[in-house]
Amino acid sequence: MKLFEKNSEFYNIEGQIRKLPYAAEFCCQNFNGDLVEIGCLRGSMTLLYAKVAKKYNRKVWAIDPWYEDNKKYDKNLQGFYDEFLEKIKDYKDYVEIIKASSLDEDTIKKIKNIDICFASVDGLHTKDACYSDIMSVSHCSGVIAVDDVIDSRGEINWQQKMRDAIGEAMIELKDYSVVWPTEENKIEKNAYIYKNEI
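Keep in mind that what you see is a predicted model, and the values were worked out from it rather than measured. Every chain is numbered on its own, with residues counted from 1 as its sequence reads. The predicted nature of this model means local features are confined to residues of pLDDT at least 70 and side-chain atom pairs, given and counted, to a pLDDT of 80 or more, with totals for whole chains, interfaces and linings taken over all residues. Processing note: side-chain calculations cover all non-hydrogen atoms of the structure and skip hydrogens and water entirely.

This part is about the pairing of strand 2 (residues 60-63). Walk down a regular strand and you will see the side chains alternate between the two sheet faces. Relative to strand 2, strand 1 (residues 34-38) is paired through 4 bridges, and the arrangement is parallel. Residue Ile-38 lies in a different strand from strand 2, and its bridge partner there is Ile-63. Clockwise travel from the first strand over the helix to the second, with the strands pointing away from the viewer, marks a crossover as right-handed. Numbering of helices and strands starts at the N terminus; helices are DSSP runs of H or I of at least 4 residues and strands are runs of E of at least 2. Following the chain from strand 1 across helix 2 (residues 44-55) to the adjacent parallel strand 2, one finds a crossover that is right-handed. Where strand 2 lies against strand 3 (residues 95-98), 4 bridges are found, and the strand directions are parallel. The partner of Ile-63 across the bridge, within strand 3, is Ile-98. The rule for pairing is simple: two strands pair if DSSP sees at least two bridges between them.

Laid out in C-alpha cells, this is it:
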C-alpha cells in the first residue's frame, strides 16, 4: 500500500508526533538515504527521528542555527541547544548536527549533497525561507513534511506564508503532489510533499 492512499494506516494515526516518525519509517523502508530535519530547537522530533534512523542504520541531519538574535527565543537558545544535546545523547551516533542557518549557502550545499529519504521543514517561518528549505531538500526520494501550514485550531493566519511557499515550490516540483491537512484526513499542521509514485 502506498503511504498516502485513501485507506492507508497513515491516516489512522493521531497526532503529528506519531505521524511524522511513521512517515519517516515508511521512507526508510522504501528508499535509500538519510533523514533531514530543518528546525530542531529542543530536539523532541529529532529524538523520534533518531530512533527511526538507528533502526534502519541511517543518520538524522539536524539543522538549526540556535541563533542568539531570534526574538522569539533569544534568552533561551543556549538552554534549548543544551536540552537538544541532552535529548539525543543516547542516539548521538545517529545524529549529525549542522549548527547553522539552513539559508546559508554552505549549509544549502551540504544539504544538497545528502542522500535523503525523508525531510522535515520547520525552519524560519517566512515564505522565502520555507521555499528555500523545500528546494534544498527537493532531491528527497521520499517525503518532505512542511510544518505549521495551519494552526492547531484550523485557522489560517501567518501560516499562509508556508502554504504560499509550498505552492511556489510545486510549480518547479512537477513530479510531486501535496497532501494538505484537513479534518477528514486527520492531518493537523503539516503538509506532505511526495513524489507521485509513493
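Moving on: the pattern of salt bridges. Salt bridges are defined by distance alone: a side-chain nitrogen of Lys or Arg within 4 Å of a carboxyl oxygen of Asp or Glu. Tallied over the full model, the rule gives 7 salt bridges. The partner of Lys-59 in a salt bridge is Glu-96, and the shortest N-O contact between them spans 3.4 Å. Of this pair, Lys-59 sits in the loop between helix 2 and strand 2 while Glu-96 sits in strand 3, and the two are 37 residues apart along the sequence. Exposure categories follow from relative accessible area, calculated using a 1.4 Å probe and restricted to protein chains: below 20% of the type maximum is buried, above 50% is exposed, and the middle band is partly exposed. According to the relative accessible area criterion, Lys-59 is partly exposed, its value standing at 25%. Residue classification places Glu-96 among the partly exposed residues on the basis of a relative accessible area of 31%. Among the ionic pairs, Lys-89 bridges to Glu-86, the shortest N-O distance being 2.7 Å. Owing to a relative accessible area of 44%, Lys-89 belongs among the partly exposed residues under this scheme. Counted as one network, the salt bridges with shared partners bring together Arg-42, Glu-83 and Lys-87.

Of note in this structure, Asn-57 is not a glycine but carries a positive phi near 55°. Residue position: Asn-57 is located in the loop between helix 2 and strand 2. Residue Asn-57 is classed as exposed on the basis of its relative accessible area of 64%. Although it is not a glycine, Asp-148 adopts a positive phi angle of roughly 60°. Residue position: Asp-148 is located in the loop between strand 5 (143-146) and helix 6 (160-172).

With that settled, consider the packing of aromatic side chains. Side-chain rings of Phe, Tyr and Trp, where Trp is taken by its six-membered ring, are said to pair if the distance between their centres is within 6.5 Å; with planes under 30 degrees apart they count as stacked, over 60 as edge-to-face, and otherwise as tilted. Overall, the coordinates contain 10 aromatic pairs when judged by the stated rule. On the numbers, 5.3 Å between centres and 80° between planes, the contact of Phe-10 with Tyr-11 is edge-to-face. By the burial criterion, Phe-10 is buried, and Tyr-11 matches it. A centroid spacing of 6.4 Å and a plane angle of 40° characterise the contact between Phe-10 and Tyr-22, whose relative ring orientation is tilted. One end of the pair, Phe-10, is in the segment before helix 1 (16-30); the other, Tyr-22, is in helix 1, with 12 residues separating them in the sequence. Since its relative accessible area comes to 30%, Tyr-22 is described here as partly exposed. Among the aromatic side chains, those forming a connected cluster through ring pairs are Phe-4, Phe-10, Tyr-11, Tyr-22, Tyr-192 and Tyr-194. One cation-aromatic arrangement involves Lys-19 over Phe-10; the distance from NZ or CZ to the ring centre is 5.0 Å. A ring is scored as having a charge over it whenever the NZ atom of a lysine or the CZ atom of an arginine sits within 6 Å of its centre and within 35 degrees of its normal. Taking the ring centre of Tyr-81 as reference, the NZ or CZ of Lys-99 above it sits at 4.0 Å.

Think of each axis as a best-fit line through the C-alpha atoms, taken over the contacting stretch in the case of a helix, with angles from 0 to 180 degrees between the N-to-C directions. Relative to each other, helix 1 and helix 2 sit at 25°, their axes nearing to 10 Å. Taken together, the axes of helix 1 and helix 2 are roughly parallel relative to one another. For helix 1 against helix 2, the interelement crossing comes out right-handed. Residue-level contacts link Gln-16, Ile-17, Leu-20, Pro-21, Ala-24, Glu-25 and Cys-28 of helix 1 to Met-45, Leu-48, Tyr-49, Val-52 and Lys-55 of helix 2. Among the residues forming the contact of helix 1 with helix 2, the class breakdown is 9 nonpolar, 1 polar and 2 charged. These descriptions rest on fixed angle ranges, namely under 35 degrees for roughly parallel, over 145 for roughly antiparallel, 65 to 115 for roughly perpendicular, and the rest for oblique. Rotating anticlockwise by less than a right angle from the far helix to the near helix defines a left-handed crossing, while the corresponding clockwise rotation defines a right-handed one. Any two residues whose heavy atoms approach within 4.5 Å at even a single point are treated as in contact. Note on residue classes: Ala, Val, Leu, Ile, Met, Phe, Trp, Tyr, Cys and Pro are nonpolar, Asp, Glu, Lys and Arg are charged, and everything else, Gly too, is polar.

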